[in-house]
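Reading the structure
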Amino acid sequence: MKKRSLKKSIRRGLAAGLTAAFMMGTLTSCGGSGNSTTEAGGASSQEASSSEGGSSGTKAINPEDFKRETLTLNVFSERANYSGEQTGWSAKLFQDLFNVKINIVPNGEGVFDTRMESGNMGDIVVFGSENDYMQARDAGLLFDWEEDNTLAEYGPYIKENMSYALEKNRGMSKDNKIYGLGYEVATNSKDLQSFFYTWDIRWDLYAKIGYPEVKTMDDLVEVFKKMKEICPTDDNGKPTYAASLWPDWDGDMVMYVKSTATAYYGYDEFGVGLYDPSTGKFYGALDDDSPYLQMLDFYHKLYMNDLLDPDSMTTTYDTMIQKVKSSGTFFSIFNYAGCLAYNTPEHMESGRMMRSLTPKDASPIVYGLNVLGGNNYWAIGANTEYPEVCMEIINYMCTPEGRMNFEYGPKGITWDYDEDGNTYFTELGKKTNSDGSTVLEGGGYSGTFKDGQNQMNMTTWSIDASNPDSNGETYNDENWKSNQSEATCDVDKDWREKTGCTTTNEYMLKGNYMVSPGSAYVMPIKSDELKTTWAQVTKCIRENSWKAIYTKTDEEFKSVVNAMKAQAKGFGYQECWNWCNEQAALRKSAEDSAAN
């Protein structure tokens with residue numbers, strides 16, 4: 001990797017002036033006097049504790065030190081669903097704290113390969129694929145975080161509080177260097193994440209049809225039929241459906257189908273199939289009567305009964321969410337496409353709400369927290385002219401205040417701590433948290449909460465990690481003392497009475513579930529030959545899975561599935577299966593070692 005001796009002193013001078021601290025809970029603006037923009041980068045116990053300079057983990061500076069032009073940093077994010085300049089309240093945070101503008105470059109077909117070929121990954125890089133991270137690292141396209149002592153000087157909070165995750169990253173590299181940081185880092189590996197496979201259903205409709213027992217997926221189909229009878233149209237007069245899927249998050253398989261198998265059996269996605277954390281067994285997607293094929297048949301049944309949104313194969317996530325918000329769906333296995341999107345004050349006031357209803361035979365997966373971090377990564381591009389600036393931004397997002405601000409909005413405006421250190425939403429924060437269309441007011445902020453959400457779409461600490469700035473709470477607002485309130489509406493009260501639970505997580509823990517523990521296992525890069533085979537096999541699985549869902553009879557469904565199996569076998573499915581099966585054994589060994 002090339003050294004950066006030229007311009008080093010100049011860049012360090014710039015970076016030294018980029019950090020601002022939240023002093024006494026008030027955001028200190030560090031905007032420079034210039035108005036033009038410079039393009040930068042082209043197309044032990046791990047208890048969280050405060051570093052020098054306060055909980056923000058940054059150095060207090062004299063604002064006079066950095067009268068310079070605003071920098072524009074390009075962030076290539078494989079997790080982003082947005083292209084262009086960051087807007088709204090997050091943009092103001094970046095501007096006030098670091099005097100930078102953030103330009104988001106999302107991944108798309110061929111984008112990663114193009115950036116690899118160009119030799120420029122961007123300034124900050126967010127990897128949603130472990131293999132892509134390792135490829136970029138091995139190609140010399142990522143910055144060594146310890147070069148010129150950058151991590152120690154500009155990432156002090158990370159260095160002090162995320163040592164296990166850093167050392168895991170070092171161990172992944174043949175040269176024993178640190179090139180990134182895994183996401184969803186935990187402070188305690190014995191804790192569990194909150195469930196996000198929450199089996200959300202329109203509880204108000206479920207109550208109206210008499211609370212029928214739901215043990216299996218077939219029972220759900222019958223429930224949805226009855227729901228559609230009493231609620232055939234949405235708020236816009238359009239047909240309602242049990243579910244609306246979207247293909248833009250599909251990976252090696254159809255994402256929603258795979259995730260339903262995970263939500264029902266507790267098996268984790270693993271290559272071209274699913275992995276049982278309790279036994280280490282691998283279930284190939286196309287094995288006879290596999291969990292994946294069973295759930296594929298479930299969505300085929302929904303389609304045959306006019307219970308699946310017919311636009312599912314061509315819609316986008318954003319379009320799907322709008323249908324959810326318009327009361328166009330009855331069900332979601334995910335909280336973010338169910339209760340979190342649907343349960344607005346308006347819906348609850350009108351007696352409509354989504355709450356959890358897990359089939360009795362289901363064992364949804366819940367992930368163990370991992371002090372080593374997860375398999376998506378923060379990194380810095382090797383060719384950035386401002387690695388110190390990038391490091392300071394990532395470092396701030398790893399501080400408790402940074403984690404909270406980019407999750408819930410600016411401190412003091414939407415959230416704060418009371419005199420006992422308990423976290424609470426302001427009156428405005430209660431509205432922004434339940435309805436993203438709420439306009440932020442005060443503190444110089446403008447636009448809606450949704451307009452300002454951080455479009456990198458990446459986290460640092462797990463939402464369920466301990467927040468050391470609070471009084472023993474986590475970053476997850478569902479579990480704050482201030483939010484353990486009475487039922488929000490009659491539907492919520494009814495759900496609580498029927499389930500005996502107050503929160504979703506309490507309900508999920510009360511039933512059956514499967515724990516997927518954290519470990520140091522890292523899926524290796526595939527050989528070039530296997531990559532070619534893999535691409536053909538997975539394309540076959542995705543395309544034919546959608547065809548199978550849209551078949552009109554059971555016979556036609558079986559015909560498409562059999563053809564898919566035969567075609568995938570011809571492309572080398574067995575070779576992919578064998579590789580996954582071998583990796584499953586290695587993963588199980590790593591998990592067992594971590595537990596001992």
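Cut-offs applied
- Residues numbered from 1 in each chain as written.
- Predicted model: local features only at pLDDT ≥ 70, side-chain atom pairs only at ≥ 80, totals over all residues.
- Heavy atoms only, no water.
- Helix = DSSP H or I, 4+ residues; strand = E, 2+ residues; numbered from the N terminus.
- Buried < 20%, exposed > 50% of the residue type's maximum accessible area, 1.4 Å probe, protein only.
- Lys, Arg positive; Asp, Glu negative; His and termini not counted.
- Salt bridge = Lys/Arg side-chain N within 4 Å of Asp/Glu carboxyl O.
- Polar contact = N/O pair within 3.5 Å; in protein donor to acceptor, adjacent residues only side chain to side chain.
- Contact = heavy atoms within 4.5 Å.
- Core = buried A, V, L, I, M, F, W, Y, C linked by side-chain atoms within 4.5 Å.
- Pairing = 2+ DSSP bridges.
- Phe/Tyr/Trp six-rings, centres within 6.5 Å; stacked < 30°, edge-to-face > 60°.
- Lys NZ or Arg CZ within 6 Å of the ring centre and 35° of its normal.
- Axes fitted to C-alpha atoms, helices over the stretch in contact; angles between N-to-C directions.
- Parallel < 35°, antiparallel > 145°, perpendicular 65-115°, else oblique.
- Left-handed = near helix turned anticlockwise from the far one by under 90°.
- Nonpolar A, V, L, I, M, F, W, Y, C, P; charged D, E, K, R; others polar.
- pLDDT = per-residue confidence, 0-100.

A word on the side chain of Glu78
When you line up the elements, Glu78 lands in the loop between β4 (70-77) and β5 (84-85). For Glu78, which is buried and forms no salt bridge, the nearest opposite charge comes from Arg79, at a distance of 8.8 Å. Polar contacts involving the side chain of Glu78 include one to the main-chain amide nitrogen of Ser129, which spans 3.2 Å. In this structure, Glu78 is in contact with Asn107, Phe112, Val126, Phe127, Gly128, Ser129 and Asp132, ignoring residues within four places of it in sequence.

Describing the nonpolar core
Among the nonpolar cores identified, the biggest contains 95 residues, and Trp199, Phe224 and Tyr299 are the most heavily contacted of them. Looking at which element gives the most residues to this core, the answer is helix α21 (residues 528-549), with 8 residues. Counting 55 residues, the second-largest nonpolar core is a separate cluster that includes Leu151, Tyr154, Met456 and Ala465.

What to know about the sheet that holds strand β12 (residues 282-284)
Judged by pairing direction, the sheet is antiparallel, and its 3 strands sit side by side in the order β10-β11-β12 without closing on themselves. Strand pairing shows two members of the sheet lacking a second neighbour, β10 (268-269) and β12, which therefore form its edges. Relative to strand β11 (residues 273-275), β10 is paired through 2 bridges, and the arrangement is antiparallel. Across the sheet, the residue bridging to Asp268 is Tyr275, located in β11.

Describing the pattern of salt bridges
Under the criterion given, the structure shown has 24 salt bridges. Between Arg202 and Asp204 there is a salt bridge; the shortest N-O distance is 2.7 Å. Taking the relative accessible area as the measure of exposure, Arg202 reaches 3% and is therefore buried. Asp204 sits in the buried class, given a relative accessible area of 6%. Between Arg587 and Glu591 there is a salt bridge, and its shortest N-O distance comes to 2.8 Å. Here Arg587 pairs with Glu591, and both are found in helix α23 (residues 573-595), just 4 residues apart, close to one helical turn. Given a relative accessible area of 8%, Arg587 falls into the buried group. One connected set of salt bridges, linked through shared partners, spans Glu146, Glu167 and Arg170.

Focus on the packing of aromatic side chains
Counted by the stated rule, this structure contains 42 aromatic pairs. Note on Phe270 and Phe282: the rings are 6.4 Å apart at their centroids and 65° apart in plane angle, and the pair reads as edge-to-face. Here Phe282 lies in strand β12 and Phe270 lies in the loop between β10 and β11, a separation of 12 residues in the sequence. The exposure class assigned to Phe282 is buried, which follows from its relative accessible area of 3%. Both rings, one in Tyr408 and one in Phe425, keep their centres 5.4 Å apart while their planes meet at 75°; by these two values the pair is edge-to-face. Within this pair, whereas Tyr408 is found in helix α16 (residues 400-408), its partner Phe425 is found in strand β18 (residues 423-425), the two being separated by 17 residues in sequence. A relative accessible area of 4% means that Tyr408 is categorised as buried. Across from the ring centre of Tyr475, 5.8 Å away, lies the NZ or CZ of Arg403, which sits over that ring. Lys498 extends its terminal NZ or CZ atom over the ring of Tyr211, reaching a point 4.2 Å from the ring centre.

Some words on the packing of helix α10 (residues 255-265) against helix α11 (residues 291-304)
Where α10 contacts α11, the two axes come as close as 8 Å, and the packing angle between them is 110°. Taken together, the axis directions place α10 and α11 in an arrangement best described as roughly perpendicular. In terms of crossing hand, the pair formed by α10 and α11 is right-handed. Only Pro291, Tyr292, Gln294, Met295, Leu296 and Tyr299 of α11 make contact with α10, whose side of the interface consists of Tyr256, Val257, Lys258, Thr260, Ala261, Tyr264 and Tyr265. Its residues assigned to classes, the contact of α10 with α11 shows 10 nonpolar, 2 polar and 1 charged.

Some words on α16
In terms of residue burial, α16 counts as a mostly covered element, since 8 of its 9 residues are buried. When we look at burial in α16, the residues that qualify are Pro400, Glu401, Gly402, Arg403, Met404, Asn405, Phe406 and Tyr408. Trailing α16 by a residue or two, Gly409 shows a phi angle of about 110°, which is positive.

Focus on the confidence of the model for the protein chain
Predicted confidence across the protein chain gives a mean pLDDT of 89, with 89% of residues reaching 70 or more. Note that pLDDT drops below 50 for residues 1-56; the model gives that stretch 155 contacts with residues more than four away or on any other chain.

Digging into the sheet that holds strand β14 (residues 354-356)
Strand order in this open sheet of 3 strands is β13-β9-β14, and the pairing throughout is antiparallel. The open sheet terminates on both sides in strands that have one partner only, identified here as β13 (331-334) and β14. Here the strands of the sheet are splayed against their neighbours by 30° on average, with no regard to which way each runs. Pairing of strand β9 (residues 197-202) with β14 involves 3 bridges; the strand directions are antiparallel. By the bridge assignment, Asp200 is partnered in β14 with Ser356. The strands touched by helix α9 (residues 217-230) within the sheet are β9 and β13, with β9 carrying the most contacts at an inclination of about 30°. Against the sheet, α10 makes contact with β9 and β13, and its axis sits at roughly 75° relative to β13, the strand it touches most.

Looking at the pairing of β9
In terms of burial, β9 is largely enclosed, as 6 of its 6 residues are buried. Here β9 shows two buried faces, one formed by Tyr197, Trp199 and Ile201 and the other by Thr198, Asp200 and Arg202.

Comments concerning the environment of Cys576
With respect to the helices and strands, the residue Cys576 is situated in helix α23. As for Cys576 and Gly271, which are separated by 305 residues in sequence, their C-alpha atoms are 8.2 Å apart. For Cys576, the contacting residues outside a window of four places in its chain are Val272, Leu530, Thr533, Trp534 and Val537.

Digging into the environment of Leu71
Structurally, the position occupied by Leu71 is in strand β4. Since its relative accessible area comes to 2%, Leu71 is described here as buried. For the pair Leu71 and Val100, spaced 29 residues apart in sequence, the C-alpha separation works out to 4.7 Å.

Concerning the side chain of Thr150
Take Thr150: it is sitting in helix α5 (residues 150-154). Residue Thr150 is classed as buried on the basis of its relative accessible area, which comes to 1%. Sequence-distant contacts of Thr150, that is, excluding residues within four places in its chain, are made with Phe143, Trp145, Gly155, Pro387, Glu388 and Met391.

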